[in-house]
Amino acid sequence: MTTPAGAAHGELDDFVTAVLAASWLLVGISTRSVEEVDDRVTLTQFRTLAVLADRGQTNLSRLAAELDVNASTAMRVIDRLVLVGHVSRSENPASRREVVLCLTPSGERLVANVVAKRRSEIAGLLTAIPPLDREALVAALRSFATAAATAGLRPAAPASLGW
């Protein structure tokens, strides 16, 4: 016999499974969108580009903090992005000891193109969902994001950038 607590646990498990399935789908969309635009860039590198696109120029320490990685990891990612021409490094005129990182026009185009691909693919999927279900989905996703923020979780790049 199922108790109310057992039913709640089973229901929660169904929700977790649905969220995991949706996240797997979104990771696939994310991966494809980057690979189709520039197959030299990994998801980790794209995340770095998305943060730079959102935050503007920054130094390595702030970027590493935004990405929640150590500075040496961020530096390796930046080195690769500089090599392919998506990020530039320059001396900060206010503090010559500090290096400023920013997107190049190529990096800006890459982020814009990847975001456009992601938005297009997601929009195509959403058109297959009845309008009332789409409204419920938006409300549920907003509640999920609020719960994450309440728990102290935050995205490293805003949803507007397709991350």
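Here goes a summary of the coordinates provided.

What counts, and at which threshold
- Residues numbered from 1 in each chain as written.
- Predicted model: local features only at pLDDT ≥ 70, side-chain atom pairs only at ≥ 80, totals over all residues.
- Heavy atoms only, no water.
- Pairing = 2+ DSSP bridges.
- Helix = DSSP H or I, 4+ residues; strand = E, 2+ residues; numbered from the N terminus.
- Axes fitted to C-alpha atoms, helices over the stretch in contact; angles between N-to-C directions.
- Parallel < 35°, antiparallel > 145°, perpendicular 65-115°, else oblique.
- Contact = heavy atoms within 4.5 Å.
- Nonpolar A, V, L, I, M, F, W, Y, C, P; charged D, E, K, R; others polar.
- Buried < 20%, exposed > 50% of the residue type's maximum accessible area, 1.4 Å probe, protein only.
- Salt bridge = Lys/Arg side-chain N within 4 Å of Asp/Glu carboxyl O.
- Core = buried A, V, L, I, M, F, W, Y, C linked by side-chain atoms within 4.5 Å.

**A few points about the pairing of strand β2 (residues 87–92)**
And then number 1: In this structure, β2 lies alongside strand β3 (residues 95–103), joined through 6 bridges in antiparallel fashion. Across the sheet, the residue bridging to Ser88 is Cys102, located in β3.
And then number 2: Taking the residues that link successive antiparallel strands as the turn, the β2-β3 hairpin has 2 residues.

**As for unusual backbone geometry**
And then number 1: Unusually for a residue other than glycine, Asp68 sits at a positive phi of about 60 degrees.
And then number 2: By secondary structure assignment, the location of Asp68 is in the loop between α3 (60–67) and α4 (71–83).

**Re the packing of helix α2 (residues 43–55) against α4**
And then number 1: For the pair α2 and α4, interaxial distance at closest approach is 10 Å and the crossing angle is 85 degrees. Between α2 and α4, the interaxial angle falls into the category roughly perpendicular. The segment α2 lies against α4, with Thr44, Gln45, Thr48, Leu49 and Leu52 engaging Val77, Ile78, Arg80 and Leu81.
And then number 2: Tallied by class, the residues present in the contact of α2 with α4 amount to 5 nonpolar, 3 polar and 1 charged.

**As for the side chain of Ser33**
And then number 1: Within the fold, Ser33 resides in helix α1 (residues 4–37).
And then number 2: When neighbours within four sequence positions are excluded, Ser33 is seen to be in contact with Val114, Lys117 and Arg118.

**Overview of the side chain of Gln45**
And then number 1: Structurally, the position occupied by Gln45 is in helix α2.
And then number 2: For Gln45, a relative accessible area of 6% gives the class buried.
And then number 3: With residues near it in sequence (within four places) discarded, Gln45 still touches Arg40, Val77, Arg80 and Leu81.

**Brief notes about the pattern of salt bridges**
A side chain with one charge can pair with a side chain of the opposite charge if their charged atoms come near.
And then number 1: A full pass over the atoms with the stated rule returns 6 salt bridges.
And then number 2: Among the salt bridges present, the one from Arg40 reaches Asp38, with a minimum N-O distance of 2.9 Å.
And then number 3: A salt bridge links Arg55 to Asp54; the shortest N-O distance between them is 2.0 Å.
And then number 4: What emerges from the salt-bridge pattern is a single network uniting Asp54, Arg55 and Glu66.

**Quick look at the nonpolar core**
And then number 1: Formed by 22 residues in total, the largest nonpolar core has its most connected members in Phe46, Leu49, Leu52, Leu63, Ile78 and Val87.
And then number 2: Mapped onto this core, the elements with two or more residues apiece are α2, α3, α4, β3 and α5 (105–126).
And then number 3: When residues in this core are grouped by element, the largest group, 5 residues, is from α2.
And then number 4: The contacts of Leu52, once residues within four sequence positions are left out, are Thr58, Leu63, Ile78, Val87, Leu101 and Leu103.

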